[in-house]
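These are the residues of each chain, in order.
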Amino acid sequence: MKELEGVERDLERRRVEYKLSHYERMDYSKYESLSRKKSILDESMQENIVLVRLDLDAELSPVLYEDNAPEPENKESDEKPKVMRKALEREVVGTKCLEDAKNTLQYLIERMADRILIIGSLGPPLGYTAPEYSLLPISKALKNVLEQDVGFKETCEFEDFEQMIEDSVIPEGGIYVLENVNFNPSEHGFAVNPETEEVRLTSVKQRETYRERLGNYGRIYVNDAPMASLTECASICDIRSEHMLLGLRMKEMISKVAEFFMQMKFPFAVVLGGDDIQDKIMLINSLMDTATHIYLYGDIGMYFLAALGVKFKAFDHDSLYYPAVHKLMLKARENGVEIVLPRDFRVVKAYAKPEPVEEKRDEEPKPEEVKGKKEQAKKQKAEEKKVEEKTEEEKERERLVKEAEIAAQAEAERAWTQEQLKQPRVAAVPEGDVYAWFLDNLNKPPEPVEVPPEPAAKGKPEAKKPEAKGKGKVEMPAEPEVVEEPEPVVESPMDTFIAPDEIIMGYGTDTEAELVKAVEKPLKLLWDGILDLGNREDTKYLTRVMHDLLLKRKAEIPSHRKKHKATLIHGDDARAEIERMNEVVKQEEKEKQRQERLAALAEDEELESDDALDDEEEKKVFDISLFCTDSIPDGHFTMKLMQGEYIPGLLNIQERPRPTRDELECDLTILEDI
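Residues numbered from 1 in each chain as written. Predicted model: local features only at pLDDT ≥ 70, side-chain atom pairs only at ≥ 80, totals over all residues. Heavy atoms only, no water.

1. Overview of the overall build of the protein
In step 1: Within the protein one finds 21 helices and 21 strands.
In step 2: When each of the 674 residues of the protein is scored for burial, the buried share is 41%.
In step 3: Long-range pairs, those at least 24 residues apart, make up 81% of the contacts in the protein between residues at least 6 apart in sequence.
In step 4: Surface exposure of the protein reaches about 41,600 Å², of which carbon and sulfur atoms provide 50%. (Helix = DSSP H or I, 4+ residues; strand = E, 2+ residues; numbered from the N terminus. Buried < 20%, exposed > 50% of the residue type's maximum accessible area, 1.4 Å probe, protein only. Contact = heavy atoms within 4.5 Å. Areas by Shrake-Rupley, 256 points an atom, 1.4 Å probe, with all protein chains shown as cover.)

2. So, the packing of helix α16 (residues 509-520) against helix α17 (residues 541-555)
In step 1: Packing of α16 against α17 brings their axes to within 10 Å, and their N-to-C directions diverge by 25°. When the interaxial angle is binned, α16 and α17 end up roughly parallel. You can see that α16 and α17 cross each other, and the crossing is right-handed. Counting all contacts with α16, which are made through E512, L515, V516, V519 and E520, the residues of α17 involved are Y541, L542, V545, M546, L549, K552 and R553.
In step 2: Along the lines of polarity and charge, the residues of the contact of α16 with α17 split into eight nonpolar, no polar and four charged. (Axes fitted to C-alpha atoms, helices over the stretch in contact; angles between N-to-C directions. Parallel < 35°, antiparallel > 145°, perpendicular 65-115°, else oblique. Left-handed = near helix turned anticlockwise from the far one by under 90°. Nonpolar A, V, L, I, M, F, W, Y, C, P; charged D, E, K, R; others polar.)

3. Quick look at the sheet that holds strand β18 (residues 502-507)
In step 1: With respect to topology, three strands assemble into an open sheet ordered β17-β16-β18, the strand pairing being antiparallel. At either margin of the open sheet sits one strand with a lone partner, and together these are β17 (425-428) and β18. Each adjacent strand pair in this sheet contributes to an overall mean axis angle of 45°, direction not counted.
In step 2: Bridge count between strand β16 (residues 344-349) and β18: five bridges; the pairing is antiparallel. Opposite V348, over in β18, you have I503 as the bridge partner.
In step 3: Running at roughly 145° to β16, α16 makes contact with β16 and β18 of the sheet. (Pairing = 2+ DSSP bridges.)

4. Notes on a negative patch on the surface
In step 1: A contiguous patch of negative charge on the surface is contributed by E159, D160, E162, E166 and D167.
In step 2: By the secondary structure assignment, E166 is in helix α5 (residues 161-166). (Patch = residues over 30% accessible without salt bridge, like charges linked within 9 Å, V, L, I, M, F, W, Y side chains within 5 Å. Salt bridge = Lys/Arg side-chain N within 4 Å of Asp/Glu carboxyl O. Lys, Arg positive; Asp, Glu negative; His and termini not counted. Charge placed at Lys NZ, Arg CZ, Asp CG, Glu CD.)

5. Some words on the sheet that holds strand β11 (residues 220-224)
In step 1: Reading across from one edge, β7-β8-β6-β1-β11-β12 is the order of the six strands in this open sheet, with parallel pairing throughout. Looking at the sheet topology across the chains shown, the edges are occupied by β7 (151-153) and β12 (243-246). Neighbour to neighbour, the strand axes of the sheet diverge by 25° on average, direction disregarded.
In step 2: With five bridges connecting them, strand β1 (residues 49-54) and strand β6 (residues 115-119) associate as parallel partners. Paired with I49 across the bridge in β6 is R115.

6. Topic: the environment of R399
In step 1: The topology assignment puts R399 in helix α14 (residues 392-421).
In step 2: Among the polar contacts made by the side chain of R399, one reaches the side chain of E403 at a distance of 2.4 Å. (Polar contact = N/O pair within 3.5 Å; in protein donor to acceptor, adjacent residues only side chain to side chain.)

7. Things to note about the nonpolar core
In step 1: Judged by nonpolar contacts, the single largest core of 115 residues is most densely connected at V271 and F345.
In step 2: Apart from the residues lying within four places of it in its own chain, the contact partners of F345 are M302, L305, F312, R425, V426, A427, F497, I498, I504, G506, Y507 and G508.
In step 3: In terms of nonpolar packing, the next biggest core, distinct from the first, is built from 32 residues, I40, A113, V222 and L245 among them. (Core = buried A, V, L, I, M, F, W, Y, C linked by side-chain atoms within 4.5 Å.)

8. Details of the state of the cysteines
In step 1: Going through the model one piece at a time under the given rule, you end up with zero disulfides.
In step 2: Between C233, a free cysteine, and C237, which holds the nearest cysteine sulfur, the sulfur-to-sulfur gap is 6.3 Å. (Disulfide = S-S within 2.5 Å.)

9. Details of the pattern of salt bridges
In step 1: According to the stated counting rule, one finds 39 salt bridges in the structure shown.
In step 2: The salt bridge partner of E17 is K327, with a shortest N-O separation of 3.8 Å. Taken together, the residues span a long stretch of sequence, with E17 in helix α1 (residues 2-21) and K327 in helix α12 (residues 322-335) at a distance of 310 residues.
In step 3: Judged by its relative accessible area of 17%, E17 falls in the buried class.
In step 4: With its nearest N and O atoms 3.0 Å apart, the salt bridge here joins R544 to E588. One end of the pair, R544, is in helix α17; the other, E588, is in helix α18 (residues 572-602), with 44 residues separating them in the sequence.
In step 5: Accessibility expressed as a relative area gives 26% for R544, which makes it partly exposed.
In step 6: For E588, a relative accessible area of 39% gives the class partly exposed.
In step 7: Through salt bridges that share partners, D10, R13, R14, E17 and K327 make up one connected network.

10. Focus on unusual backbone geometry
In step 1: The peptide bond linking F266 to P267 adopts the cis configuration, its omega dihedral lying at 5°.
In step 2: In this structure, P267 sits in the loop between α9 (248-261) and β13 (268-272).
In step 3: For E47, which is not a glycine, the phi torsion comes out positive at approximately 55°.
In step 4: Summarising the element assignment, E47 is placed in the loop between α2 (28-35) and β1.

11. A few points about helix α3 (residues 96-110)
In step 1: Between its first and last C-alpha, α3 extends 22 Å over 15 residues, near the 21 Å set by a 1.5 Å rise per residue.
In step 2: Of all the positions in α3, only C97, L98, A101, T104, L105, Y107 and L108 are classed as buried.
In step 3: Those residues of α3 that are buried are in contact with β1, β6, α4 (136-146), β11 and α9.
In step 4: Directly after α3, the chain includes M112, whose backbone phi takes a positive value near 60°. (Expected span 1.5 Å × (residues − 1).)

12. So, the pairing of β16
In step 1: With five of its six residues buried, β16 lies for the most part within the structure.
In step 2: Sheet topology note: the β16/β17 ladder contains four bridges and is antiparallel. Across the sheet, residue V347 finds its bridge partner in β17, namely R425.

13. What to know about the confidence of the model for the protein
In step 1: Taken over all residues, the pLDDT of the protein has a mean of 81, while the share at 70 or more is 77%.
In step 2: Across the protein, element-level confidence peaks in β11 with a mean pLDDT of 97 and bottoms out in helix α19 (residues 610-618) with 47.
In step 3: Within the model, pLDDT remains below 50 along residues 68-73, and this stretch shows five contacts once partners closer than five positions in the same chain are excluded.
In step 4: Segment residues 75-84: pLDDT under 50, and seven contacts once partners within four positions in sequence are set aside and those in other chains are kept. (pLDDT = per-residue confidence, 0-100.)

14. A word on the packing of aromatic side chains
In step 1: In this structure the tally under the stated criterion is 10 aromatic pairs.
In step 2: An aromatic cluster of three or more residues is present, and its members are Y31, F260, F261 and F268.
In step 3: Between the NZ or CZ atom of R346 and the centre of the ring of Y541, over which it lies, the distance is 3.9 Å.
In step 4: Sitting over the ring of F268, K524 keeps its end group 4.6 Å from the ring centre. (Phe/Tyr/Trp six-rings, centres within 6.5 Å; stacked < 30°, edge-to-face > 60°. Lys NZ or Arg CZ within 6 Å of the ring centre and 35° of its normal.)

In C-alpha cells:
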C-alpha cells in the first residue's frame with residue numbers, strides 16, 4: 001500500500017511539472033479571442049427551440065431507500081436474498097446553481113423563445129438509471145426559482161423529436177427539464193453494470209446517434225455550465241447546432257476576465273493567498289507571462305517559504321510541490337518578475353499546558369507478591385464491576401468535570417494569547433536576498449574534484465604484466481580503496497529565526513508595508529485567496545489593510561482613462577474576506593457612535609434616538625463595486641481559464657467579429673443591468 005501511495009505521489013509531481021511547461025500562454029490575443037465568443041445577446045431567441053446545458057448539481061437531502069427484502073424459500077440455506085431497494089425522492093436543500101442559471105432562463109423567456117429544453121447532470125457518470133440521482137426534484141425546485149411551470153421528461157434522448165413537436169407532446173412556450181444525461185451511456189462513452197460493476201464501452205455509432213439527436217432539438221444551443229465545461233462529455237463537446245452560444249453567466253465571467261487582462265497597464269501586481277497549493281502554483285506559472293509583481297501571503301506564501309528552506313514548527317507542509325516552487329522561482333528570475341514573500345511575523349510564546357497532577361494511590365503489591373493468576377483475575381473483575389456499578393449521576397458528574405476542565409484550559413490559553421498579543425515579538429527573515437542565496441545554492445553544480453596525475457618514475461622500466469600459467473586466471477593487484485569525503489553541509493540563514501516554543505499570530509510591519517506597495521502603486525491589481533493566517537479577527541491584519549486600501553484605491557480613480565486603475569477580486573474567499581471585514585468596520589463605527597452618544601448625553605446635549613441611528617446604519621448595504629472594478633464570486637472555472645488549461649466547453653462556441661472596446665463595455669453594462 002505504501003509503495004502504491006509513493007507511485008501516486010510521484011505521478012502527481014510529474015504531472016504538475018509537465019503542466020508547468022505545457023500550458024496555453026494567456027496573452028492579449030488569447031483573451032481577445034475569448035471576448036469574441038458569441039452569447040445569447042448576439043442572436044434572436046424569438047420562435048426558436050433552445051437547448052440549454054446547465055450545472056444542475058444542486059445540494060440534495062441524503063439518499064433514503066425503501067427496503068423490500070423477501071425471505072428465502074429455503075431458510076436453511078446460507079445464501080443471502082437479493083434486496084430490492086428503491087430510492088425515495090430526494091429534496092433540494094441548496095438552490096445556488098439554480099439561482100445562478102435564473103438570469104439566462106429569464107432572458108430566454110422574455111425574448112419569446114418557442115420552447116426551452118434544459119439538460120444537465122447530477123452525481124457520478126453511471127450509464128444506467130439511478131433514481132437517487134434523478135433530476136425530478138431539480139425541476140420542482142426550478143419551478144419555485146422561476147415562479148412559473150417547469151415540466152419534466154424521464155429521458156434526455158428522444159427517437160422522434162419532430163413528431164413530438166407536431167403532436168404537442170412538448171407544447172409551445174413550455175420549459176422542460178430532461179432526465180440526467182449521466183444515465184445515458186453515450187454521454188461519457190461507457191456504462192457500469194449496477195450488479196457486477198463491470199464497465200462496458202459504448203459503440204461509436206451509438207455515440208454519433210446520441211450527438212445528432214441532441215443537436216436536432218433546436219437551432220440554438222446555449223452552454224451556461226462552467227463546471228461541466230471543464231469535462232469532455234458529449235453534451236458539452238459533441239453537440240452541433242446552427243448557433244452555438246454562451247449563457248449570461250459564462251459570458252459575464254469570461255468578459256470580466258478578458259476585459260481585465262486586455263488592459264495594457266503596468267505595473268501589474270497580483271496578490272495571492274489561500275491553501276489550494278496546486279491551483280495557485282499553476283496560476284502563478286501562467287501569470288508570470290503578464291504580471292510584473294506577484295505577492296504571496298496566507299498558506300501559499302508559507303508554502304513557498306518552506307520550499308525555500310524556512311522551517312516553521314506550526315506549519316507542516318507536504319513537500320510534494322517543492323520542485324515546482326523551485327522552478328517557478330527560477331522562471332521568475334529569468335522573466336524579470338518579482339515574487340514578494342512575507343518578510344516578518346508577529347510571534348508569541350506558545351501556551352504551556354500544565355502537567356497533569358497524578359493522584360496519590362495506595363501502593364499496590366508487587367507482581368511477585370501476588371499469588372497466582374487467579375487472584376489477579378479476581379482483582380481485575382472487581383475493578384470492572386466497580387466501573388459498571390457507577391450510577392448515571394456519577395457518569396454525568398464526571399463528564400461535566402471533564403468539560404469544565406477543557407473549557408478552563410481553553411480560557412486560560414485564550415487569556416495567555418491575548419496578553420502576549422499586547423507585546424508580540426517581531427521575527428524577521430534574515431537580511432539580504434536569502435531567496436536568491438537559496439536558489440544559487442540549489443542550482444550550483446558540484447565542483448569537479450581534480451585528481452593530480454601520479455608522476456612517472458624515472459629510470460625504471462615498466463613492470464611487466466604477470467603471465468598466465470596454464471588455465472589459471474591472472475591475479476591483479478588490488479586497487480586501493482577511495483574514501484569519499486562527505487559533502488560540506490551548507491547552512492541556510494533561514495533555518496531557525498523563530499524559536500520552537502513560539503507560534504505565528506500574524507505578519508509584521510514590513511510585510512504590511514509590502515502589501516501597501518502592492519495595492520497603491522500598480523495600475524492593474526488582481527486579488528485571489530485568503531491573505532491572513534488563522535480565522536480569528538485579531539489576526540486579520542492584512543485583510544484590514546487590503547480593505548482600507550481598496551476603498552482608497554477606488555476613491556482615487558482619476559477621470560483620465562489611461563490612469564484608470566483596474567482591480568479584479570477573484571473567487572469566493574477574497575469576496576468573503578471583504579464582506580467579513582466590512583462588517584467589522586461597521587461594528588466599529590456603531591461602537592464609535594455609541595461612545596459619542598454617551599459622551600454627548602453626559603453633556604446634556606440633544607441627540608437623535610438610538611433607533612434612528614441604528615436604522616441609518618442598517619441602510620448601508622454591502623456593495624462589492626465599492627472595492628473593485630469587477631469581481632468574480634465563483635472562480636473555479638475562471639481559475640482554469642487564467643491558468644491556460646484546456647477547456648473543452650469553449651471549443652465549439654462560435655465567435656463574432658473583433659469587437660471594439662466600446663462594444664465590450666456595452667456588453668458588460670448589459671450583463672450588469674440583467
